[in-house]
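If you want the building blocks of each chain, they are given just below.
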Amino acid sequence: MMKTIIVNDKMQQGYRYQLSAPQGQDFSPDFQPQLTPQQMLELGVFGGKYMTDCQQEFPRAWFSKAKLSPAAKDISLNYFAVDASLPLVNWQQKGWIFPDDPRGWFQWYCRYYLGRRLPEEDKRQIKRWRAMSRHIGALKKNCEPGDWTCRRKQRQALLHWAYDARVL
């Protein structure tokens with residue numbers, strides 16, 4: 001039986017979606033993220049601002065150790081302590097925001113992880129996720145293994161896309 005989620009937060013009111021896959025399972029073979037949403041939030045992503053008003057939608061455990069900043073973006077909360085994000089308005093102008101996920105890729109990933117499946121949007125977002133892997137090559141080419149001070153902004157950006165930049 002499918003479960004329906006109803007969202008009421010600052011960016012969506014009355015938005016409904018159904019979970020059709022088990023949480024954290026049945027991912028597309030082309031999509032194998034290295035980090036779960038909970039791990040990302042615990043490591044420190046998006047200056048702690050990203051998920052401050054929509055916690056009721058997601059499992060409580062995701063937020064027990066999350067680095068959040070309800071008042072304003074706090075770059076010191078990011079794992080690599082650098083800003084690796086563009087403002088949402090930039091993402092909107094580039095046409096990267098899908099109406100079902102007005103916060104962008106990470107919101108899509110959280111909902112996908114929970115079990116929501118939107119075949120066409122999933123395909124688009126997975127293609128975008130795969131494109132981020134080019135940054136892994138840049139780190140391997142330009143940085144010594146384990147040197148986390150090398151290309152910190154690129155490493156933080158990879159964390160934002162569920163790639164574990166700590167192991168590169």
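The rules behind each value
- Residues numbered from 1 in each chain as written.
- Predicted model: local features only at pLDDT ≥ 70, side-chain atom pairs only at ≥ 80, totals over all residues.
- Heavy atoms only, no water.
- Helix = DSSP H or I, 4+ residues; strand = E, 2+ residues; numbered from the N terminus.
- Rg over C-alpha atoms; globule rule 2.2 N^0.38 Å.
- Buried < 20%, exposed > 50% of the residue type's maximum accessible area, 1.4 Å probe, protein only.
- Contact = heavy atoms within 4.5 Å.
- Areas by Shrake-Rupley, 256 points an atom, 1.4 Å probe, with all protein chains shown as cover.
- Lys, Arg positive; Asp, Glu negative; His and termini not counted.
- Charge placed at Lys NZ, Arg CZ, Asp CG, Glu CD.
- Disulfide = S-S within 2.5 Å.
- 1 Å grid on protein atoms, 1.4 Å probe; cavity = no way out; pocket = protein on both sides within 12 Å on 5 of 7 lines; lining within 4 Å.
- Points joined across faces, edges and corners; volume = space filled by probe spheres on them.
- Nonpolar A, V, L, I, M, F, W, Y, C, P; charged D, E, K, R; others polar.
- Axes fitted to C-alpha atoms, helices over the stretch in contact; angles between N-to-C directions.
- Left-handed = near helix turned anticlockwise from the far one by under 90°.
- pLDDT = per-residue confidence, 0-100.

Asks: Quick question: what am I supposed to make of the overall build of the protein here?
Replies: Helix and strand counts for the protein come out as 6 helices and 2 strands. Ordering the α and β elements of the protein from the N terminus gives β-β-α-α-α-α-α-α. A compact globule built from 168 residues should have a C-alpha radius of gyration of about 15 Å, and the protein, at 16 Å, falls within 12% of that. Seen through its C-alpha atoms, the protein measures out along the principal axes to roughly 50 × 40 × 35 Å. By residue count, 46% of the 168 residues in the protein fall in the buried class. Considering only contacts within the protein whose residues lie at least 6 apart along the sequence, 65% involve residues at least 24 apart. Total accessible area on the protein is roughly 9100 Å²; 52% of this is exposed by carbon and sulfur atoms. For the protein, the separation between the mean place of its 26 positive charges and that of its 16 negative charges on side chains is 3 Å.

Asks: What is the right way to look at the state of the cysteines in this model?
Replies: One way to say it: the disulfide is the covalent bond shared by the sulfur atoms of two cysteines. Counted by the stated rule, this structure contains 1 disulfide. Between the sulfur of Cys 143 and that of Cys 150 lies a disulfide, 2.0 Å long from S to S. Between Cys 143 and Cys 150, the disulfide has an S-S torsion of -75° and is therefore left-handed. Take Cys 143 and Cys 150: they sit in the same class, and that class is buried. Free of any disulfide, Cys 54 has its nearest cysteine sulfur in Cys 110, 7.6 Å distant.

Asks: Sorry, what's going on with the layout of surface pockets here?
Replies: Remark: the empty space left among the atoms is shown by a probe the size of a water molecule rolled over them. Looking at the largest pocket, its volume works out to about 880 Å³. For the lining of the largest pocket, the secondary-structure elements that each account for two or more residues are helix H2 (88-93), helix H3 (105-114), helix H4 (119-131), helix H5 (134-142) and helix H6 (152-160). No other element matches H6, which puts 4 residues into the lining of the largest pocket. Residues of the lining of the largest pocket, tallied by class, amount to 16 nonpolar, 6 polar and 8 charged.

Asks: Got a minute to help me understand the packing of H5 against H6 in this structure?
Replies: The description of two helices packed together rests on the angle between their axes and the distance between the axes. Relative orientation of the contacting elements H5 and H6 amounts to 150°, with a least axis distance of 10 Å. H6 is crossed by H5, and the crossing has left-handed handedness. Within the contact between the two elements, H5 uses His 135, Ile 136, Ala 138 and Leu 139 and H6 uses Gln 154, Arg 155 and Leu 158. For the contact of H5 with H6, the class distribution of residues is 4 nonpolar, 2 polar and 1 charged.

Asks: Help me out: how do you make sense of the confidence of the model for the protein in this one?
Replies: Confidence in the prediction for the protein averages 94 pLDDT; 99% of positions are at 70 or higher. Per-element confidence in the protein ranges from a low mean pLDDT of 84 for H2 to a high of 98 for helix H1 (residues 37-43).

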